[in-house]
Each structure stands twice: as C-alpha cells, then as structure tokens.
Amino acid sequence: MLHNPRHRRPPARARRYLGIAAALLVTGAAIAVPPSLASAADAEVYPVSPGWGKQAESLKPFKGGKDQLPPGAVKTDRAPAKPGARAAVFEAPGVSPQIVGGTIADPADFPGVVGIQTFFLFDSDNDGLSEVWVATCTGTVLSPTKVLTAGHCTVGFNYGTTEVIAGRQNLATDTAGFVSLVATTWTHQNFNYAMLGVERPLDDVAVLTLKNPLPAAYVPVTLAAQGADDVVAETPATIVGYGVTSSVAEDSGVLRRATVPIKADATCATEYGADFDGNRMLCAGIPPTTNTCYGDSGGPIFAGGTQVGITDWGSRDCVSTYGVYEALNHYSDIIKADLVRTGLVNLDFTGDGHSDFIGRLNAPGTTDNGALVALTGSGLASDGQGGFNYPGWFVGRGFGSFTKLFRVTNWHGDKTESIFGRDAAGNLYEWTTDGRGDFTNGGNRRLIGTGWNKFTDIMVTNNWTGNGMPNLMGRTAGGELWRYDSNGSGGWSNPRGTLIGSGWNKFDTVLTPGSWLGDGHQSLIGRTSTGDLWLYNSDGSGGWTNPRGTLIGTGWSNFRIFMSPGDWSGDDIIDLVGIRPTGEMRLYATNGRGAWLNGRGIQISVGWNDFNTVF
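Since the model is a prediction, treat every value here as computed from it, not as a measurement.

Reading the values: the criteria
- Residues numbered from 1 in each chain as written.
- Predicted model: local features only at pLDDT ≥ 70, side-chain atom pairs only at ≥ 80, totals over all residues.
- Heavy atoms only, no water.
- Helix = DSSP H or I, 4+ residues; strand = E, 2+ residues; numbered from the N terminus.
- Areas by Shrake-Rupley, 256 points an atom, 1.4 Å probe, with all protein chains shown as cover.
- 1 Å grid on protein atoms, 1.4 Å probe; cavity = no way out; pocket = protein on both sides within 12 Å on 5 of 7 lines; lining within 4 Å.
- Points joined across faces, edges and corners; volume = space filled by probe spheres on them.
- Nonpolar A, V, L, I, M, F, W, Y, C, P; charged D, E, K, R; others polar.
- Phe/Tyr/Trp six-rings, centres within 6.5 Å; stacked < 30°, edge-to-face > 60°.
- Buried < 20%, exposed > 50% of the residue type's maximum accessible area, 1.4 Å probe, protein only.
- Pairing = 2+ DSSP bridges.
- Disulfide = S-S within 2.5 Å.
- Axes fitted to C-alpha atoms, helices over the stretch in contact; angles between N-to-C directions.
- Contact = heavy atoms within 4.5 Å.
- pLDDT = per-residue confidence, 0-100.

This part takes up the overall build of the protein. The helix and strand inventory of the protein stands at 2 helices and 36 strands. Of the roughly 21,100 Å² of accessible surface on the protein, a fraction of 52% belongs to carbon and sulfur atoms.

Structural data, given as structure tokens:
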C-alpha cells in the first residue's frame, strides 16, 4: 500500500503521505562478414557498466538520502533472476509471519497474482557511488503478456531492472514459478506522480507488457466491468500481496492474504476527507489489525472472485485506518485498451520497460571524452523531470573513435539489447548485454562486419520482413537503401544485403520509429534538408505500401539529432524526440495511428550539447 508515493521528493517539500508502498529491393555486393569470421584479436574491453552488485559511478554528484528511498526497499547483493520457467509451476507455501492480520497464501489458490521486483541504483550515503536496492510490489495477470499494477510501482527507479514473478510463495527462492522481464509499460497519463507528497495519488494505474509470455497455468483475473455498481458496504473481500507484515518490518516478498470488509464511501470520506474520491476509489480494512502495507501496492482486492480494486495508499503505520484502492469499475476500459497494443520496442538498456538514452560525451582533453552515459527514463514524461531519472551513469569508455553508434534489440533472439559501433575503417562491432544494464562477454567487442563505411548512415528496424527479427538499413552516398537481416542468433540471414530503395540521399536523416501507423508494419521517416518529413510504410513482408512516400510534416530542420526512443511519455505508444544545437530536447508524442498529440512538442530536458551523439 502506498503512503506518500513520491519517493524522490526533496526533503524540504511538505509530505502528507509516507512513501511508496511498493518498496515500492535485389541482392547486391557483400558487406557484412558472418560473425564466425571475426578474430579473437578483435576483442577489446571498453565498457564499465555498473553491473548488479557493484557500486556505480554517476555523471554528477548525487544529492539525496535514505529518506528518499521507497519504504520497504532493501539493499541487496542479489541480481535479477534469469527469465523463464522453474521446476515447479507453483511453490508450496511455507511457514512465515502473518500479513498485517492475515495468513500465508498458497500461490496455487491465486494463479493470477504475481510479484513485481525492481532492482535499482541509489546512493544512500550521498558519496557519489550507488548501491543496488530492490523494491517489491504486487500485480495481477491480464493476459500472458500483460500485468496490472499501480503506477508508482513502475515510475521513477533509477537504472532499474524489473522482473515479474508468477507462481512463487517467496520471491527470494528460485526453484518454482516463472520469471519474466518487462518490455514496455503503460501508465495512466493523468497519474499525478509529480505532486505525490503534496497531493494524494490519483489515477495511479499501470500495465506492464512482458518480454516472456506467462504459461497458461497463471490464469488472468476478472476485472470489475466499467461502470459496474460499487460493491455493497461491509461485503467481505480478499486482499492478497507480497507486502510486509508491519510498517517497520523488512519481510516483503512472501505471499499473504486476509479478509476485510469493504467500507461505504461515506465512511472512507469521513476518514480521509477530500483526499478520498468515491468515484475512483474504494477503501477496506479492519483497523487496527488487518490491512495491506508496503509491498502490497499494485495488488488486488477481490470481491466475489472479481478484482474490484488495486492496492494504492493508506495510513503511515498501515493499520490505524483503512487502505485505499483504485476502483476498477472506473478504470477497467482504459486498462483493457492497452491489451491490444503490441510490437512496440523501447530503447531500454536497463530492463525496466522504459526507454533510456545513451549519449557519448564530448569532453576533449579529459578522461571522460568518448565515454557513454546512460540517462534512464522514469516511465512518465509528466513526472516533473521530463521523464528522466537523474543523475546519469557512466556505462562505457573509449568510444570516441566510432563514426556511428546505435542499439539493436533481439539480435540474438534473446530480446536483449546490443550496442553496435562502426569505426572509420568500416568495421562493425557488437557489444552484447544481459538486458539488465550490464555487458556480457566480459565487455569484449565482437567484429560482425566490414565495409560499412560505404554507408553514410545506418538505421535499425525491428521486424521489417515480418519474422520478428531486427534489421539494419544502410544508406549509400548515392542514395541506395540496403537491408541486412538478423538470423536470430547473432548472424545474418542475407549477408550480401538486399537493395530495397534508391533516391534516399535526398534525406539528411532517416528515422525508424517502428509501427508508425499502428498496423504492426515497420515505417521509415525521412527528413529533407528543408525540414519536410516523409513517411514510407512497409507491407510487413519486405515491400512498401506507399513507395512514393507520404508527407507528414514540415519545419523539422532545427534538430541536429532526431530519433525515436520508442515510448517516452509512458502511454505505450511511439514518440519522437529532437535535440536542437543549443542542447534543448523536445518530445513529440503520437496517438499511435500516425498523428501528433501535440505538433509543437514539449521541452523535456536541456544540456544535450554535452553529447556529440545520442542513441
């Protein structure tokens, strides 16, 4: 349960709530060299990414302290678990302390309830180095790839990695259940995250899209229908979650249950005054003995087998009054709208389902010149900081000589990111990662191609031919556009390339925003030197639906860097981002069907002229 969800609020700000309850188109000349031809001599260690269990160096001094940690978060030396199934589908319940007034729950009795743990970096002693902490929440299964939780369970964890764990009674064990990583997130766009600590939570609802689909044993819950009648007061309801057994305990991560009566709106309003909104909230509990607490956030309250609410906030001590829940008869339709959103790929280096930016520092004469810095996304552009978690973190050094740097997702068929770099000689290198913010293979680079200096630009698409594999697009000085496809295991399915277009030298920038029209087909957007934007949409099988292009905008020439990170605003829909020569970054959100939500965009950050490339 959430008590002051604004867990990064500066200490000087007034607090009314305590913190997060989560713990809150023909073949051509050969260019690409198959990976098997790369020499071991090409291996060279560049990265210094934080890595789980290690202290990490921030870009600027961290200013904060333990009072800004989510209540219930604990320091850990445990790394996020590898995704996939374990030996047993459900873990047998063991002996453990009771929830606040409740009992241990058997996960087989609640197959649609999951644990959510986010590992994140935080400098608790303010020395410029951070440690790894873990915050716990609860969620419910909506489909094999969608999980419902609270917004504060996903927003604002710096350098975070989030895992969803099904079928487990104790999240710390690793012998049962199923683990999935998070691909993207949807958070209600009216969630008042920026004002938490001053206002009570509003629209605190989120849906996680999973990278690894849950097996059929983890059955989706039934949500209360939109506009359904409120549950009759004093109806017994079941609360379930992985929270602590008291507000001062550190025993989150064990599944517990309790039965509590749902209270009348008038009773809740008497307790909480204007902070309680009966149109979108409900409350329940048995003060001072039985209630939800930290770590139960995002979890369910069931009445008659139907989930009627999402655990959200309540009293500082968890038991002196009723817990407050987001009422699903108010949110059911907007939650279900996210169930049909698929195919979005976020540039997510750390693995929390939020897009991140990696910039290469331009700092001649210093040891930081050519270093890579990750600035992670909070998951909500309206968070009061433009959607950024600060500070940034050094993740690699020695990248100053590369003429092109970019990220590719799923090159090896494992749904993780790789960093690709081309040097002046045309050699193309790959650095693999674990999808959780750390490099693999000892941080060694791998030669995967030669001759790539033939191209004036290189772009990435995620599913051009409809097989789910990523592609590289190379544009020559003469305007030819060549496509190179991943074979899903680190190599090429067409190492000689496929010519798919000509005349592309009329564009100074080519963007690859994914499915711009929301039809599941990949798109390219070319920008001319005069600032016109032209859309070219694929037909999903390697061809074009509009080979002459479609003009979709003008006046876009004032950005030195223009790209799509995936979704930045937190609505699980594609966004574009532009960086002006002055270092101002602007966000252009879309409706997912080829139209802008705000054609003027919004400024979300400044100072990006410190970087000579951002990807």
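The calculated volume of the largest pocket comes to roughly 1,000 Å³. Around the largest pocket sit 38 residues that line it, and Thr184, Thr342, Gly343, Leu344 and Val345 are the ones nearest its centre. Those elements that provide at least two residues to the lining of the largest pocket are strand E9 (178–187) and strand E10 (206–210). Class assignment for the residues of the lining of the largest pocket results in 11 nonpolar, 19 polar and 8 charged. Of the volumes computed, that of the second largest pocket is approximately 830 Å³. As for the second largest pocket, its lining consists of 39 residues, of which Lys404, Phe562, Met563, Val614 and Phe615 are closest to the centre. Ranked by residues supplied to the lining of the second largest pocket, first place goes to strand E28 (residues 507–514) with 7 residues. Residue composition of the lining of the second largest pocket, by class: 18 nonpolar, 14 polar and 7 charged.

Here we come to the packing of aromatic side chains. What describes a pair of aromatic rings is the distance from one ring centre to the other and the angle between the planes of the rings. For the structure on display, the rule yields 40 aromatic pairs. Measuring from centroid to centroid gives 4.9 Å for Trp411 and Trp492, while their planes differ by 75 degrees, and the two rings are edge-to-face. Separated by 81 residues along the polypeptide, Trp411 in the loop between strand E20 (404–409) and strand E21 (417–422) and Trp492 in the loop between strand E26 (481–485) and strand E27 (498–501) bring together distant segments of the chain. For Trp411, a relative accessible area of 0% puts it in the buried group. Here Trp492 falls in the buried class, since its relative accessible area comes to 8%.

Here we take up empty space enclosed by the protein. One number sums up the size of the largest cavity: a volume of about 50 Å³. In terms of lining residues, the largest cavity is bounded by 13 residues, among which His354, Ser355, Gly379, Asp567 and Trp568 are the most central.

Let us now look at the pairing of strand E7 (residues 146–149). Every second residue of E7 is oriented toward a common face, with Lys146 and Leu148 on one face and Val147 and Thr149 on the other, all of them buried. Of the strand pairs in this sheet, strand E6 (residues 129–143) and E7 are connected by 3 bridges, and their pairing is antiparallel. Within E7, the residue paired with Thr140 across the bridge is Leu148. Here E6 folds back onto E7 in antiparallel fashion, the turn holding 2 residues.

Once that is clear, we can look at the state of the cysteines. For the structure shown, the criterion picks out 3 disulfides. Paired by a disulfide, Cys268 and Cys283 hold their sulfur atoms 1.9 Å apart. Sign of the S-S torsion, about -85 degrees for the bond between Cys268 and Cys283, identifies this disulfide as left-handed. Of this pair, Cys268 sits in helix H1 (residues 265–272) while Cys283 sits in strand E13 (residues 281–284), placing them 15 residues apart in sequence. A residue is classified by how much of its surface remains accessible, and Cys268, at 0% relative accessible area, is buried. You can call Cys283 buried: its relative accessible area is 0%. Across the disulfide, Cys293 is cross-linked to Cys318 (sulfur-sulfur distance 2.0 Å). One quick way to see it: the torsion about the S-S bond of Cys293 and Cys318 is about 65 degrees, and its sign makes the bridge right-handed. Taken together, the residues span a long stretch of sequence, with Cys293 in the loop between E13 and strand E14 (300–303) and Cys318 in the loop between strand E15 (306–313) and strand E16 (323–327) at a distance of 25 residues. The connectivity of the disulfide-linked cysteines in the protein, indexed sequentially, is 1-2, 3-4, 5-6.

As a further point, take the sheet that holds E27. The 4 strands lie next to each other as E24-E25-E26-E27, forming an open sheet whose pairing is antiparallel. The sheet is open, and its two borders are formed by strand E24 (455–461) and E27, each paired with just one other strand. Taken pair by pair, the neighbouring strands of this sheet meet at an average axis angle of 30 degrees, ignoring direction. Both E26 and E27 contribute to a ladder of 3 bridges, which runs antiparallel. Bridge pairing in E27 places Leu481 opposite Gly501.

Turning next to the sheet that holds E16. Strand order in the open sheet formed by 7 strands is E4-E12-E11-E14-E15-E16-E13, with antiparallel pairing between adjacent strands. A strand with exactly one partner marks an edge of an open sheet, and here the two such strands are strand E4 (103–104) and E13. With 6 bridges connecting them, strand E11 (residues 236–241) and strand E12 (residues 256–261) associate as antiparallel partners. Residue pairing for E12: Ile239 is matched across the bridge by Ala258. Contacting E15 and E16, helix H2 (residues 328–337) crosses the sheet at an angle of about 45 degrees to E16.

Further remarks concern the confidence of the model for the protein. Segments scoring low in pLDDT should not have their predicted coordinates read at a detailed level. Taken over all residues, the pLDDT of the protein has a mean of 89, while the share at 70 or more is 90%. Note on residues 1–43: pLDDT under 50 across the span, and 188 contacts to partners over four residues away in sequence or across chains.

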